[in-house]
Amino acid sequence: MEQLKCIGCGATIQTENPKEIGYTPKSSVEKMENQIIYCQRCFKLKHYNEVQDVSLTSDDFLKILQRVGETDALVINIVDIFDFSGSMVVGISRHINGNDILLVGNKVDLLPKSVNKTKLNHWMRRSLKEMGLKPLDVALVSAAKGLGIDELMEMIEKYRKGRDVYIVGCTNVGKSTLVNRIIKRFTEEREDIITTSHFPGTTLDIIEIPLDDDTAIIDTPGIINDHQLAHYVTPKVLKEITPKKEIKAGVYQLNPEQTLYIGGLARMDFVKGERTSFITHFSNALHIHRTKLEKADQLWQTQAGQVLKPIVEENGQPMAMEKHVYRIGKEKTDVVISGLGWITLVGTGQEITVHAPKGVGVLVRPSLI
Ligand code: GDP
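Residues numbered from 1 in each chain as written. Predicted model: local features only at pLDDT ≥ 70, side-chain atom pairs only at ≥ 80, totals over all residues.

**Concerning the overall build of the protein chain**
Across its full length, the protein chain carries nine helices and 21 strands. Classification of the 369 residues of the protein chain by burial places 40% in the buried group. Long-range pairs, those at least 24 residues apart, make up 72% of the contacts in the protein chain with a sequence separation of at least 6. (Helix = DSSP H or I, 4+ residues; strand = E, 2+ residues; numbered from the N terminus. Buried ≥ 20, exposed ≤ 12 C-beta atoms within 10 Å, placed from the backbone. Contact = placed C-beta atoms within 7 Å.)

**Topic: helix α7 (residues 175-186)**
Turn by turn, an α-helix covers 3.6 residues, leaving residues three or four places apart pointing in a common direction. Look at α7: 16 Å from first C-alpha to last across 12 residues, which is about the 16 Å you get at 1.5 Å a residue. Of the positions making up α7, those classed as buried are Lys175, Ser176, Leu178, Val179, Ile182 and Ile183. Each buried residue of α7 sits inside an arc of 160° when the element is viewed along its axis, so together they form one side. (Expected span 1.5 Å × (residues − 1). Arc of directions from axis to C-beta.)

**Some words on the sheet that holds strand β20 (residues 351-357)**
An order of β14-β11-β12-β20-β17 is seen for the five strands of this open sheet, with the pairing classed as antiparallel. Across the chains shown, the open sheet's two edge strands, defined by having one partner strand only, are β14 (288-292) and β17 (321-327). Taking the axes of each pair of neighbouring strands and ignoring which way they run, one obtains an average angle of 20° across the sheet. On the sheet, helix α9 (residues 293-303) packs against β11 (258-262), β12 (266-272) and β14 and is oriented at approximately 120° with respect to β14. (Pairing = 2+ DSSP bridges. Axes fitted to C-alpha atoms, helices over the stretch in contact; angles between N-to-C directions.)

**Notes on the site of the ligand**
Taken together, 18 residues sit near the ligand, with Ala144, Gly174, Lys175, Ser176 and Thr177 positioned nearest. With three residues, α7 is the single largest residue contributor to the shell around the ligand. When its residues are assigned to classes, the shell around the ligand shows four nonpolar, nine polar and five charged. (Near = placed C-beta within 6 Å. Nonpolar A, V, L, I, M, F, W, Y, C, P; charged D, E, K, R; others polar.)

**Here's the deal with the pairing of strand β18 (residues 332-337)**
Burial of β18 is extensive: five of the six residues sit out of reach of the surface. With six bridges joining them, β18 and strand β19 (residues 341-346) adopt antiparallel strand pairing. What sits directly across from valine 335, in β19, is isoleucine 343. The sheet contact formed by β18 and strand β21 (residues 362-366) spans five bridges and is antiparallel. By the bridge assignment, isoleucine 337 is partnered in β21 with valine 362.

**Side note on the domain arrangement of the protein chain**
Assigned domains of the protein chain: these are domain 1 (1-48), domain 2 (55-225) and domain 3 (235-366). The C-alpha centroid of domain 3 is placed 44 Å from the C-alpha centroid of domain 1. (Domains from an automatic or database assignment.)

Written as structure tokens, this is what we have:
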């Protein structure tokens, strides 16, 4: 069969992988009239003004970032506040070359009321500074619920100063959901203004939404970040561990030498210290199992995938976990397991060990509550 090309973006049509460029359902290819065919992504864009995410690997993405670095533009970087370290674009500061960045933390609707948004905002800024980034501003939004969108639109207008706006982010952070909201806001009274084009030097298509005669919003494909927990688990498990509504905190008063299993995905051992309150912040669907430290290993051997579930599997076996040891120094500290949630400890001087799947980020921060 000769290679078919989408007349919207020029991508080669393929019918196998819906997540990759050029996907078109088989039935549409069979119905093709007059050699005119749109890939599913362009079709949705044309008819519904809806962006569908395509993903790509680091090398291609670096090419895009380098191009962005060569232009004077405002870069909007979207991250998932539940997976902040896992959803930061690796090396972004180096490639963006001093361009202005607006950081957008998405999924704020999932935070319990007890979380202080100002503290979250400050923590995000501090973490960015450690990565060598100084954003112009930080916005907290919920793309799904439409929270904080007005403020974000105001920030975009304020900071873009007549320049192009590039939107970047990892897969799964809610980029398409947010971009679709932004597009709808900018195009409320206009029709047919979305265009797709190739990104120079790559085979990737980008989406441009003209803002005025000279400038546009440019949506770049979602980058795959290997550290995201989302890449280790099956789609079914991902569904289970992704909170869907405001998470409810759980409180556990633990003595030393006790352990909490977070489903079968992570484990926290309270090794030493005085009796302490541990406040868990995970998807309500995840069962927290409490046990004695001396029994924890054996429990894993007999119950991984049974009582302790879901688990991350590797070649049909529970994946080995990596240990992270901490000595808590602040009065209130969050131990964050990227992509999963966090545990707040009240008091100081505790020694804890966190076991998490290899590659998944674990970190501590001053508590957000
Ligand atoms: P993309 O891969 O970054 O384009 O992400 P999507 O827009 O496809 O969203 C990924 C997942 O996050 C989907 O299950 C969305 O329903 C969910 N999601 C997106 N935005 C939000 C949000 O503001 N709050 C919550 N709770 N979920 C969201």
